[in-house]
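For reference, the chains in residue letters:
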Amino acid sequence: VVSHSCLREARAAAGANKPLILVRERDASKGSVSLEEARRDCADDLQEYLFNQRGATPIEWHRIAEFQRVSLRLIAQHILHSCKN
């Protein structure tokens, strides 16, 4: 179930053509879903923005500190790459 607040934020970002970084929770106890489930449950008007952008492969969010640092570095790289444009 997607929250109304999440949908509002995603629509605002899509409307402003903001760069997007997909991050996927890996821990099932924290709400992890597969990419296929996320696509299936996503609102039709957000499908293109969320899943069909260049580089739209999600970064896996890890809870173990060493792996979490890798996730954070990947997020930072995406942010820096977006700032170039």
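In what follows, the structure referred to is the one given above.
These lines cover the structure that appears in this document, whether it is placed above or below. From a predicted model like this one, the values you see are computed outputs, not experimental measurements.

Right, let's get into the overall build of the chain. Helix and strand content of the chain: four helices and two strands. Residues classed as buried in the chain amount to 21% of the 85 residues present. Contacts in the chain between residues at least 24 apart in sequence constitute 60% of all its contacts with a sequence separation of at least 6. Charge centroids of the chain, computed over 13 positive and 11 negative side chains, lie 7 Å from each other.

Backbone geometry at Asn-17 places phi at a positive 55°, although glycine is not the residue there. By the secondary structure assignment, Asn-17 is in the loop between helix H1 (4-15) and strand E1 (23-25).

A separate point is the layout of surface pockets. Estimated volume of the largest pocket: approximately 770 Å³. Contributing to the lining of the largest pocket are 29 residues, with Val-2, Cys-6, Ala-38, Leu-50 and Phe-51 lying nearest its centre. Elements represented by at least two residues in the lining of the largest pocket include exactly H1, E1, helix H2 (35-41) and helix H3 (47-51). When grouped by side-chain class, the residues that make up the lining of the largest pocket number 20 nonpolar, four polar and five charged.

Now for the pattern of salt bridges. Side-chain pairs of opposite charge can arise whenever the charged atoms involved come near each other. On inspection of all chains with the given rule, the structure shows six salt bridges. When salt bridges with common partners are traced through the structure, they connect Arg-24, Arg-26 and Glu-60 into a single cluster.

Turning to the nonpolar core, a few remarks are in order. Ranked by size, the top nonpolar core spans nine residues in total: Leu-7, Ala-10, Ala-13, Cys-42, Ala-43, Leu-46, Tyr-49, Leu-50 and Phe-51. Those elements that place two or more of their residues in this core are H1 and H3.

Conventions adopted
Residues numbered from 1 in each chain as written. Predicted model: local features only at pLDDT ≥ 70, side-chain atom pairs only at ≥ 80, totals over all residues. Heavy atoms only, no water. Helix = DSSP H or I, 4+ residues; strand = E, 2+ residues; numbered from the N terminus. Buried < 20%, exposed > 50% of the residue type's maximum accessible area, 1.4 Å probe, protein only. Contact = heavy atoms within 4.5 Å. Lys, Arg positive; Asp, Glu negative; His and termini not counted. Charge placed at Lys NZ, Arg CZ, Asp CG, Glu CD. 1 Å grid on protein atoms, 1.4 Å probe; cavity = no way out; pocket = protein on both sides within 12 Å on 5 of 7 lines; lining within 4 Å. Points joined across faces, edges and corners; volume = space filled by probe spheres on them. Nonpolar A, V, L, I, M, F, W, Y, C, P; charged D, E, K, R; others polar. Salt bridge = Lys/Arg side-chain N within 4 Å of Asp/Glu carboxyl O. Core = buried A, V, L, I, M, F, W, Y, C linked by side-chain atoms within 4.5 Å.

Everything listed here is a matter of geometry and, on its own, says nothing about what the molecule does.
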